[in-house]
Amino acid sequence: MLSVKHNEIVEFSSTLLDQFAEVVARFPEGRQKSALLPILHLVQAEFGWLSPDAMNKVAGYLGIEPIEVYEVATFYTMYLLQPQGKYVLEVCRTGPCCLVGAERIMTHLENKLGVKEGEVTADGLFSWRGVECLAACGYGPVLQIGPEYTFYENLTEASVDQLIDDLSSKTN
């Protein structure tokens, strides 16, 4: 469900609009809707998430109805519909990973970071969420970290702590 805690007026830069034009040009005339997914990725990379205002502007750019954008953005889990931390820790929560400790890892993340699923730490660095299959059933529990989607297998509380410490110490 589309739930918004923060919304801001969104303006697309000329650079972003140039990128949109490059994407749209890949598709046949009159088929600009086909560019929706890659354009949503570009918007999310620029703003960190897809606000309703940003999705409305994408709809306007592509000449489609806003609901068509919302349907896509709410279907695919890679699109973030609320602000997230710099690092989004996504833990596989399907059966095979749960059998080997994914739920324990998610509880550990909640306690270690001090935020519930979908919330952002006070420093803005981290948020976490459970996601569907990450296609590594034999190596669970697993998680990936966005926005680069680096992948980590055979997690333990100690390896999660080390990962968080390493990310916290990065200077970017």
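Quantities reported herein were computed from a predicted structural model and do not represent experimental measurements.

1. Side note on the overall build of the protein chain
Part 1: Scanning the protein chain from terminus to terminus reveals seven helices and four strands.
Part 2: Each helix (α) and strand (β) of the protein chain, taken in turn from the N terminus, gives the series α-α-α-α-β-α-α-β-β-β-α.
Part 3: Overall, the C-alpha framework of the protein chain stretches about 50 × 35 × 30 Å when taken along its three principal axes.
Part 4: For the protein chain, the residues scored as buried account for 42% of the 172 residues in total.
Part 5: Across the protein chain, every contact between residues at least 6 apart in sequence was considered, and the portion connecting residues at least 24 apart equals 63%.
Part 6: For the protein chain, the computed accessible surface area is about 9,500 Å², with 52% contributed by carbon and sulfur atoms.
Part 7: On the protein chain, the mean spot of the 12 positive side-chain charges and the mean spot of the 23 negative ones are 2 Å from each other.

2. Examining the domain arrangement of the protein chain
Part 1: When cut into domains, the protein chain gives domain 1 (14–73) and domain 2 (87–171).
Part 2: Taking the mean C-alpha position of each, domain 1 and domain 2 sit 29 Å from one another.

3. Some thoughts on the pattern of salt bridges
Part 1: Considering all chains together, one arrives at eight salt bridges under this definition.
Part 2: Between Lys-33 and Glu-68 there is a salt bridge, and its shortest N-O distance comes to 2.6 Å. Linking Lys-33 in the loop between α1 (14–24) and α2 (36–47) with Glu-68 in helix α4 (residues 66–75), this pair joins segments that are 35 residues apart in sequence.
Part 3: For Lys-33, a relative accessible area of 42% gives the class partly exposed.
Part 4: In this structure, Glu-110 and Lys-116 form a salt bridge, with 3.3 Å as the shortest nitrogen-oxygen distance.
Part 5: A residue is classified by how much of its surface remains accessible, and Lys-116, at 49% relative accessible area, is partly exposed.
Part 6: If you follow the salt bridges from partner to partner, you end up with Arg-93, Glu-117 and Glu-132 in one network.

4. Some words on the packing of aromatic side chains
Part 1: For the structure on display, the rule yields six aromatic pairs.
Part 2: With a centroid separation of 6.2 Å and an interplanar angle of 50°, the aromatic rings of Phe-12 and Phe-47 are classed as tilted. Taken together, the residues Phe-12 in the segment before α1 and Phe-47 in helix α2 connect sequence positions 35 residues apart.
Part 3: Pairing Phe-20 with Tyr-61 gives two aromatic rings, centres 5.1 Å apart and planes at 65°, and the pair type is edge-to-face. Separated by 41 residues along the polypeptide, Phe-20 in helix α1 and Tyr-61 in helix α3 (residues 52–62) bring together distant segments of the chain.
Part 4: A relative accessible area of 33% means that Tyr-61 is categorised as partly exposed.
Part 5: Each member of the aromatic cluster is reached from another via a ring pair, and the members are Phe-12, Phe-20, Phe-47 and Tyr-61.

The rules we used
- Residues numbered from 1 in each chain as written.
- Predicted model: local features only at pLDDT ≥ 70, side-chain atom pairs only at ≥ 80, totals over all residues.
- Heavy atoms only, no water.
- Helix = DSSP H or I, 4+ residues; strand = E, 2+ residues; numbered from the N terminus.
- Buried < 20%, exposed > 50% of the residue type's maximum accessible area, 1.4 Å probe, protein only.
- Contact = heavy atoms within 4.5 Å.
- Areas by Shrake-Rupley, 256 points an atom, 1.4 Å probe, with all protein chains shown as cover.
- Lys, Arg positive; Asp, Glu negative; His and termini not counted.
- Charge placed at Lys NZ, Arg CZ, Asp CG, Glu CD.
- Domains from an automatic or database assignment.
- Salt bridge = Lys/Arg side-chain N within 4 Å of Asp/Glu carboxyl O.
- Phe/Tyr/Trp six-rings, centres within 6.5 Å; stacked < 30°, edge-to-face > 60°.

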